[in-house]
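The chain contents come next:
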Amino acid sequence: MTGVQGSTVQGRFISFEGIDGAGKSSHLEHAVAWLRARGHDVVQTREPGGTVLAERLRELVLHEPMDVLTEVLLVFAARRDHLLRQIEPALAAGRTVVCDRFTDASFAYQGAGRGADAAVLAQLELWVQQGRQPDLTLWFDLPPDEAAARRTAVRAPDRFERQDESFFERVREAYAERARLAPARFRRLEARGSREQVRQRMQEHLLATGWW
Ligand SMILES: Nc1ncnc2c1ncn2[C@@H]1O[C@H](COP(=O)(O)OP(=O)(O)OP(=O)(O)O)[C@@H](O)[C@H]1O
Ligand SMILES: [Mg+2]
């Protein structure tokens, strides 16, 4: 959106969160299509990733065994590049950014899942994002056993997906905690039920913002 005299209105930043197999990526496609059908200029992206450098870091993070602090630093390095080169310019141009995972996933996976120090994560969040947060976070909440059943039906697991159920319980609890800490931005989306039911709930959450 470009306003008078070339001034721009900031676009909206939406992140999708939840454990592996909760349904983020499949529903994100629907959200993007739905927003575009309503005339919005949408950038669809993901973390770790979204730029050439960040996608290279993603490959390392998903497939190379590494110490948890190394992993944290790589994830935040990828995020920094992604923010500077893609997300911030898009928002400044008034575009809508829809991102598959963002910093809540670092607190959930590297923090609660792998035991990274929450204070270190919080410091990196400040340095890297300089106050930038999603305007809306849709948290696809699904019990780990149901998510595992959906995953194994379709693909070989990456380094995270091979973790046991207790790992995903901790990740899920961390999302619940992040939601408690940022209630204005977080929307918990019940991810059980059919694809159609979940898609309907997602649209209700999007409409409830009053932004579209
Ligand atoms: N409501 C649903 N009912 C049944 N299956 C579903 C539902 N939603 C998604 N699925 C299927 O479950 C699988 C996992 O979904 P999806 O890949 O969207 O999850 P994800 O949250 O993106 O996982 P990951 O974090 O691992 O990328 C896919 O095969 C998808 O088609
Ligand atoms: Mg996905």
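Refer to the structure presented above.
Model, not experiment: these values are computed from the prediction. (Residues numbered from 1 in each chain as written. Chains lettered and ligands numbered in written order. Predicted model: local features only at pLDDT ≥ 70, side-chain atom pairs only at ≥ 80, totals over all residues. Heavy atoms only, no water.)

J.: Provide a residue-level description of a nonpolar patch on the surface, including the pertinent values.
T.: Side chains of Leu69, Leu73 and Val120 sit close together on the surface and give an oily, nonpolar patch of about 230 Å² of accessible area. Mapping Leu73 onto the fold places it in helix 3 (residues 68-92). (Patch = residues over 30% accessible without salt bridge, like charges linked within 9 Å, V, L, I, M, F, W, Y side chains within 5 Å. Areas by Shrake-Rupley, 256 points an atom, 1.4 Å probe, with all protein chains shown as cover. Salt bridge = Lys/Arg side-chain N within 4 Å of Asp/Glu carboxyl O. Helix = DSSP H or I, 4+ residues; strand = E, 2+ residues; numbered from the N terminus.)

J.: How would you summarise the site of ligand 1 if you had to cite specific residues and measurements?
T.: In the vicinity of ligand 1, 18 residues are found, and the nearest of them are Gly21, Lys24, Ser25, Ser26 and Arg155. Gly23 is positioned such that a nitrogen or oxygen atom in its backbone is 2.9 Å from an oxygen atom of ligand 1. When ligand 1 sits alone it has 640 Å² of accessible area, and the protein chains cover 82% of it. In a pocket analysis with a 2 Å cut-off to the grid points, ligand 1 is assigned to the largest pocket. Elements with a contribution of two residues or more to the shell around ligand 1: helix 1 (24-37) and helix 8 (195-208). Considering every element that reaches the shell around ligand 1, the biggest residue donor is helix 1, with four residues. (Near = heavy atom within 4 Å. Polar contact = N/O pair within 3.5 Å; in protein donor to acceptor, adjacent residues only side chain to side chain. 1 Å grid on protein atoms, 1.4 Å probe; cavity = no way out; pocket = protein on both sides within 12 Å on 5 of 7 lines; lining within 4 Å. Sits in = over half its atoms within 2 Å of the grid points.)

J.: Could you give me a rundown of the nonpolar core, with the residues and numbers involved?
T.: Phe16, Tyr109, Phe140 and Leu206 are the most contacted members of the largest nonpolar core, which totals 44 residues. With seven residues, the top contributor of residues to this core is helix 7 (residues 165-181). Filtering out sequence-adjacent residues up to four positions away, Leu206 remains in contact with Ile14, Ala31, Trp34, Leu136, Leu138 and Trp212. In terms of nonpolar packing, the next biggest core, distinct from the first, is built from 17 residues, Ala90, Leu91, Val97 and Phe102 among them. (Core = buried A, V, L, I, M, F, W, Y, C linked by side-chain atoms within 4.5 Å. Buried < 20%, exposed > 50% of the residue type's maximum accessible area, 1.4 Å probe, protein only. Contact = heavy atoms within 4.5 Å.)

J.: Hey, could you go over the environment of Phe186 for me, with residue numbers and the actual values?
T.: Counting through the fold element by element, Phe186 comes out in strand 5 (residues 186-190). For Phe186, a relative accessible area of 5% gives the class buried. With sequence-adjacent residues up to four places away left out, Phe186 is seen in contact with Asp104, Thr137, Trp139, Tyr175, Arg178 and Ala179.

J.: Please set out the layout of surface pockets residue by residue, giving values where relevant.
T.: Considering only enclosed or pocket space, the largest pocket measures out at about 1000 Å³ in volume. In this structure, the largest pocket is lined by 41 residues; those nearest its centre are Asp20, Gly21, Lys24, Ser25 and Arg155. Listed by contribution, the elements that provide at least two residues to the lining of the largest pocket are helix 1, strand 2 (42-46), helix 2 (52-63), helix 3, helix 4 (103-113), helix 6 (144-152) and helix 8. The leading source of residues in the lining of the largest pocket is helix 1, at seven residues. Partitioning the lining of the largest pocket into residue classes produces 14 nonpolar, twelve polar and 15 charged. (Points joined across faces, edges and corners; volume = space filled by probe spheres on them. Nonpolar A, V, L, I, M, F, W, Y, C, P; charged D, E, K, R; others polar.)

J.: Just give me the short version of the pattern of salt bridges, but keep the residues and values in it.
T.: Taken as a whole and judged by the stated rule, the model has 18 salt bridges. Among the ionic pairs, Arg185 bridges to Asp104, the shortest N-O distance being 2.8 Å. You can see Arg185 sitting in the loop between helix 7 and strand 5 and its partner Asp104 sitting in helix 4, a full 81 residues away along the chain. Asp104 matches Arg185 in its accessibility class, with the two residues each being buried. The residue Arg188 makes a salt bridge to Asp141 at a minimum N-O spacing of 2.8 Å. Of this pair, Arg188 sits in strand 5 while Asp141 sits in strand 4 (residues 136-141); the two residues are 47 residues apart in sequence, bridging distant segments of the chain.

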